[in-house]
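A structural walkthrough
Here's the letter readout for the chains.
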Amino acid sequence: MVQGSANLNTKLTEEWLQNYVDDWVKFFGRYTNEGEVASYIPILQEANKSHLGISIIGNEGMMIQSGNIDVPFTIQSISKVFTFIVACMERGVSYVLSRVDVEPTGEAFNSIMHLEMKKIKKPFNPFVNAGAITVTSLLNGKTSDEKLEPLFRLFEKILGARPRLNKKVYESENETSVRNRAIGYYLVELGYLESELELALDTYFKQCSIEISLSDLARLGVILANDGEDPKTGIEIIPKQVARLAKSLMLTCGMYDASGKFAAYVGIPAKSGVSGGIIAVAPPRIRQENLPFLNGCGIAVYGPALDEQGNSVAGIRLLRHIAKQWDLSIF
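Small disclaimer: the values here were computed from a predicted structure and weren't measured. (Residues numbered from 1 in each chain as written. Predicted model: local features only at pLDDT ≥ 70, side-chain atom pairs only at ≥ 80, totals over all residues. Heavy atoms only, no water.)

What about the overall build of the chain?
Helix and strand content of the chain: 13 helices and 7 strands. A globule of 331 residues ought to have a C-alpha radius of gyration of about 20 Å, and the chain, at 19 Å, matches this closely. In terms of overall dimensions, the chain has C-alpha extents of about 60 × 40 × 35 Å along its principal axes. Across the 331 residues of the chain, 58% fall into the buried class. Intrachain contacts of the chain at a sequence separation of at least 6 include 69% that bridge at least 24 residues. Summed over its atoms, the accessible surface of the chain is roughly 13,900 Å², and 48% of this surface lies on carbon and sulfur atoms. Put simply, the chain has 34 plus and 37 minus side-chain charges, and the middle of one group is 3 Å from the middle of the other. (Helix = DSSP H or I, 4+ residues; strand = E, 2+ residues; numbered from the N terminus. Rg over C-alpha atoms; globule rule 2.2 N^0.38 Å. Buried < 20%, exposed > 50% of the residue type's maximum accessible area, 1.4 Å probe, protein only. Contact = heavy atoms within 4.5 Å. Areas by Shrake-Rupley, 256 points an atom, 1.4 Å probe, with all protein chains shown as cover. Lys, Arg positive; Asp, Glu negative; His and termini not counted. Charge placed at Lys NZ, Arg CZ, Asp CG, Glu CD.)

Considering the confidence of the model for the chain
Taken over all residues, the pLDDT of the chain has a mean of 92, while the share at 70 or more is 92%. Within the model, pLDDT remains below 50 along residues 5-10, and this stretch shows 12 contacts once partners closer than five positions in the same chain are excluded. (pLDDT = per-residue confidence, 0-100.)

Notes on helix α11 (residues 240-253)
Count 3.6 residues to each turn of an α-helix, and residues three or four apart come out pointing the same way. Helix length check: α11 (14 residues) gives 20 Å between terminal C-alpha atoms against 20 Å at 1.5 Å per residue, within 8%. For α11, the full list of buried residues reads V242, A243, L245, A246, K247, L249, M250, L251 and C253. Contact partners of the buried residues in α11: α2 (79-91), α3 (93-99), α10 (214-225), α12 (259-265), β5 (270-272) and β6 (277-282). (Expected span 1.5 Å × (residues − 1).)

Overview of unusual backbone geometry
Of note in the backbone geometry, Q76 takes a positive phi value of approximately 50° without being a glycine. Locating Q76 in the fold gives a position in the loop between β3 (73-74) and α2. Here Q76 falls in the buried class, since its relative accessible area comes to 3%. With a phi close to 55°, F293 is a non-glycine residue in the positive phi region.

Focus: the packing of α2 against helix α6 (residues 144-159)
When two helices pack together, their arrangement is given by the angle between the helix axes and the distance between those axes. The geometry of α2 relative to α6 is characterised by a closest axis approach of 10 Å and an angle of 110° between their N-to-C directions. As far as their axial angle goes, α6 and α2 are roughly perpendicular. Across from F82, T83, I85, V86 and E90 in α2, the residues of α6 making contact are P150, L151, L154 and F155. A breakdown of the residues in the contact of α2 with α6 according to their chemical character gives 7 nonpolar, 1 polar and 1 charged. (Axes fitted to C-alpha atoms, helices over the stretch in contact; angles between N-to-C directions. Parallel < 35°, antiparallel > 145°, perpendicular 65-115°, else oblique. Nonpolar A, V, L, I, M, F, W, Y, C, P; charged D, E, K, R; others polar.)

Remarks on the environment of F331
Here F331 lies in the segment after α13 (313-325). If near-sequence neighbours (up to four positions away) are discounted, F331 is found in contact with L251, A263, G267 and R287.

A look at the state of the cysteines
Tallied over the full model, the rule gives 0 disulfides. There is no disulfide at C88, and the cysteine sulfur nearest it, in C253, is 14 Å away. Of the cysteine sulfurs around C208, a residue in no disulfide, the closest is that of C253, at 17 Å. A relative accessible area of 2% places C208 in the buried class. (Disulfide = S-S within 2.5 Å.)

Brief notes about the sheet that holds strand β2 (residues 63-67)
Reading across from one edge, β2-β1-β7-β6-β5 is the order of the 5 strands in this open sheet, with antiparallel pairing throughout. In this open sheet, the two strands that pair with only one neighbour each are β2 and β5. For this sheet, the mean angle separating the axes of adjacent strands, direction not counted, is 10°. The sheet contact formed by β6 and strand β7 (residues 297-302) spans 6 bridges and is antiparallel. (Pairing = 2+ DSSP bridges.)

A short note on helix α9 (residues 197-208)
Compared with the 16 Å implied by 1.5 Å per residue over 12 residues, the 17 Å span of α9 between its first and last C-alpha is a close match. Buried residues dominate α9, accounting for 11 of its 12 residues. For α9, the complete set of buried residues consists of L197, L199, A200, L201, D202, T203, Y204, F205, K206, Q207 and C208. The inward-facing, buried residues of α9 contact β3, α2, α5 (129-138), α6, α7 (167-176) and α8 (178-190).

Quick word on the side chain of T134
Locating T134 in the fold gives a position in helix α5. Looking at T134, the relative accessible area reads 0%, which means it is buried. In terms of polar contacts, T134 uses its side chain to reach the backbone carbonyl oxygen of A130, at 2.8 Å. For T134, the contacting residues outside a window of four places in its chain are R99, P123, L187, Y192 and L193. (Polar contact = N/O pair within 3.5 Å; in protein donor to acceptor, adjacent residues only side chain to side chain.)

Comments concerning the packing of aromatic side chains
Applying the stated criterion across every chain yields a total of 10 aromatic pairs. Summarising the aromatic geometry, the rings of Y204 and F205 are spaced 6.2 Å apart at their centres and angled 55° between planes, so their arrangement reads as tilted. Across the pair, F205 and Y204 agree in class, each one buried. Of the aromatic side chains, those joined through ring pairs into one cluster are W16, Y20, W24, F293 and W326. Taking NZ or CZ as reference, R30 lies 4.2 Å from the ring centre of F27, over its face. (Phe/Tyr/Trp six-rings, centres within 6.5 Å; stacked < 30°, edge-to-face > 60°. Lys NZ or Arg CZ within 6 Å of the ring centre and 35° of its normal.)

Description of the environment of F127
Along the polypeptide, F127 turns up in the loop between α4 (113-118) and α5. Looking at F127, the relative accessible area reads 1%, which means it is buried. Along the primary structure F127 and K80 are separated by 47 residues, whereas in three dimensions their C-alpha atoms are 5.9 Å apart. Once residues lying within four places of it in the same chain are set aside, the contact partners of F127 are K80, V81, A246, L249, M250, C253, G254 and K271.

Right, dumping it as structure tokens:
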């Protein structure tokens, strides 16, 4: 049976926390059997569905990692958080929000139905594919590489190294993404895109194919948890307004059409991707109890076995348990 948190209030050493997290990852790893790896992007089917790993990094530098932490994966839809951030930094928040809304849809991330049936003037939010492709079209640059250069520079500034593009995943997405092309053509018809369709799509496929590690994803989460400021240096990397807006969207729209349940049962901003990754953010919180990571933390989970909404089955269960045990909820 999974361990509880009886001793966490008095013994918050790194060793104690590591033992608990090791136990939790082992326990919730059994739920990988309830999901399936993504199949609509052929190369993602090569992932090992039994994998489950987690990395937690606190604002004060403590790192707890467990499970399959050395398996690199592509960020997929997690990239939408950061292209939205870059677009806001380049074009301004007001302009970006004039092109894409901030409302949850209740529909699947790759749905086109809500665009046609509700006759909206802009995509519902930047985390559904229609909104993400629209945001990508706003990025400055005449080529996909030029558009993504500020994103890579942002990652490099936070991580200390430039992540690589997984060309095999990019080619697999580019060759098979019929649904995204259909969404793109509809966006063109409605006049939503600010760049040519093929340029917007090529940029979108590349941003989704950026490869990352669990610890790197957790480091990105720490910056968001700290409202865009690097807790080590005190330097603002992302403007506070933009970081807070991104976190608000993660809470309301970040887990596809399961975002409401995740907000209710886990209660922290998060964004998932169909490779099985999840970035979650626990901001600093005021509690009377002596709890782990009271000053905030970034959490990254990898578990490629997905549920029907496209979220990691075991990853969500693991995050829900940790949020409950450590009282991470922002509510």
